Amino acid sequence: ASARRVMDIVEACDEVDGHAQRGEASTISYIEAEGGKLRLEKIGVRDPFGGPLLSGIDLEIAPGETVHILGDTSIGKTTLVRALSGLWTRGEGAVHLPSVDRTRDPLIIVPQKPYLPLGTLREILTYPNLDATAGAALSAETALEQVGLGSLKSELDQAVRWDHRLSSGERQRLAIARALLAGAPILLLDESTSSLDGLNEKLLRDAIDRVAAERTL
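Residues numbered from 1 in each chain as written. Predicted model: local features only at pLDDT ≥ 70, side-chain atom pairs only at ≥ 80, totals over all residues. Heavy atoms only, no water.

Things to note about the overall build of the chain
Formally: Secondary structure elements follow DSSP: runs of H or I of four or more residues count as helices, runs of E of two or more count as strands, with numbering from the N terminus. The classification of residues rests on relative accessible area computed with a 1.4 Å probe and restricted to protein chains. Under 20% of the type maximum is buried, over 50% is exposed, and intermediate values are partly exposed. The contact criterion used throughout is that any non-hydrogen atoms of two residues lie within 4.5 Å. Using a 1.4 Å probe, the Shrake-Rupley method yields the accessible areas, and only the shown protein chains count as cover for residues.
Each helix and strand in the chain was counted, giving seven helices and six strands. Listed by position from the N terminus, the elements making up the chain come as α-β-β-β-α-β-β-α-α-α-α-β-α. The buried share among the 217 residues of the chain stands at 37%. The long-range fraction of contacts in the chain, counting pairs at least 24 apart against all pairs at least 6 apart in sequence, stands at 71%. Of the roughly 12,200 Å² of accessible surface on the chain, a fraction of 51% belongs to carbon and sulfur atoms.

Listed below in structure tokens is the structure:
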């Protein structure tokens, strides 16, 4: 049975390679544009075998606007979020991203299960840009307070296994704090409050609302 599963994986990889060799693996274009708008132009998203997941998406979102993507499980919502960020490029169309200075990214994703690298809490908050606090509108301490993790301020420079010490809900809150600190004009929230109870979810929503006037969500 194990050998059969391995062969299935090999055959699937060969099929993906075959699509690519035949020129079927079209990719999404990413264009830096003036102004703060996020614009999707005829976006289509495909699965690894070239099959369509989503197609024909034309959308323009201005700073301060919030857009909710709703739908049944497995229709491609997470894949669309990854496509907008450039993590998944299989598809067609163009994503027009706002132009930002070199110290910031135009967008940041807050996933359902955030990644916490090894290091101090301060380094995790500023990952992957360890200089993110330079000129930032928020301090690391304020970001922690806004997501209900103010009790950790005294431990910002401690290096422990934070991915083990923090609960899933606390890890999600830390990821939101990291996004607020990064100052990206676009926040992509992929079920990023799914592990929170009602009170803590409201706390995070309030924190996000405070910066939403200048960002696209």
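The discussion continues.
Re unusual backbone geometry
What you tend to see is this: most non-glycine residues have negative phi, and most peptide bonds are trans. Even without glycine at this site, lysine 42 takes up a positive phi of about 50 degrees. In this fold, lysine 42 is placed in strand β2 (residues 38-46). In this structure lysine 42 comes out as exposed when scored by relative accessible area, which is 56%.

Here we look at the packing of aromatic side chains
Where we set the bar: Only rings of Phe, Tyr and Trp enter the pairing, Trp through its six-membered ring, and a pair is recorded when the two centres are within 6.5 Å. The plane angle decides the type: under 30 degrees is stacked, over 60 is edge-to-face, the rest tilted.
Within this structure, the stated rule accounts for one aromatic pair. An angle of 65 degrees between the planes, with centres 5.8 Å apart, marks the rings of tyrosine 115 and tyrosine 127 as edge-to-face. Of this pair, tyrosine 115 sits in the loop between β5 (107-110) and α3 (121-126) while tyrosine 127 is found in the loop between α3 and α4 (140-146), placing the two residues twelve residues apart along the sequence. Overall, the relative accessible area of 36% leaves tyrosine 127 in the partly exposed class.

With respect to the side chain of arginine 178
Using the following cut-off: Pairs of N or O atoms within 3.5 Å make up the polar contacts considered here, provided that, within protein, one atom can donate a hydrogen while the other can accept it, and that residues adjacent in sequence are counted only when both atoms are side-chain atoms.
Take arginine 178: it is sitting in helix α6 (residues 168-182). Within the structure, the side chain of arginine 178 is placed 3.3 Å from the backbone oxygen of isoleucine 124, a separation counted as a polar contact. Setting aside residues up to four positions removed in sequence, arginine 178 forms contacts with Ile108, Pro114, Tyr115, Leu116, Pro117, Ile124, Leu125 and Tyr127.

Remarks on the sheet that holds strand β3 (residues 52-61)
To be explicit about the condition: In short, DSSP must find at least two bridges between two strands for them to pair. A fitted line through C-alpha atoms represents every axis, and for helices the fit uses only the stretch in contact; the resulting angles, taken between N-to-C directions, go from 0 to 180 degrees.
Strand order in the open sheet formed by four strands is β1-β4-β2-β3, and the pairing between neighbours is mixed. Only two strands of the sheet have a single partner each, and these edge strands are β1 (29-33) and β3. Direction aside, the axes of adjacent strands within the sheet are offset by 15 degrees on average. Two elements, β1 and strand β4 (residues 91-98), share five bridges in a ladder whose sense is parallel. By the bridge assignment for β4, glutamate 32 is matched with leucine 97. Here helix α2 (residues 77-85) sits on the sheet in contact with β1, β2, β3 and β4, set at roughly 125 degrees to β2.

Here's the deal with the confidence of the model for the chain
Rules: Per residue, pLDDT measures the predictor's confidence, with a range of 0 to 100.
Residues at a pLDDT of 70 or more form 81% of the chain, whose mean pLDDT is 80. Model confidence for the chain, summarised as mean pLDDT per element, is weakest for helix α1 (residues 2-21) at 49 and strongest for helix α5 (residues 162-165) at 94. Counting contacts from residues 1-7, a segment whose pLDDT is below 50, to residues more than four positions away or on other chains yields one contact. Throughout residues 19-23 the model reports pLDDT below 50, and contacts reaching past four residues in sequence, or to other chains, amount to four contacts.

What to know about α2
Every buried residue of α2 is listed here: Lys77, Thr79, Leu80, Val81, Ala83 and Leu84. On its buried face, α2 sits against β1, β2, β3, β4, β5 and β6 (186-189). Glycine 86 lies just past α2 and shows a positive phi near 90 degrees.

Focus: the environment of leucine 188
Tracing the chain through its elements places leucine 188 in strand β6. Between the C-alpha atom of leucine 188 and that of arginine 82, which follows or precedes it by 106 residues, the distance is 9.2 Å. Excluding anything up to four places from it in sequence, leucine 188 contacts Val81, Leu84, Ser85, Leu107, Ile108, Ile109 and Val110.

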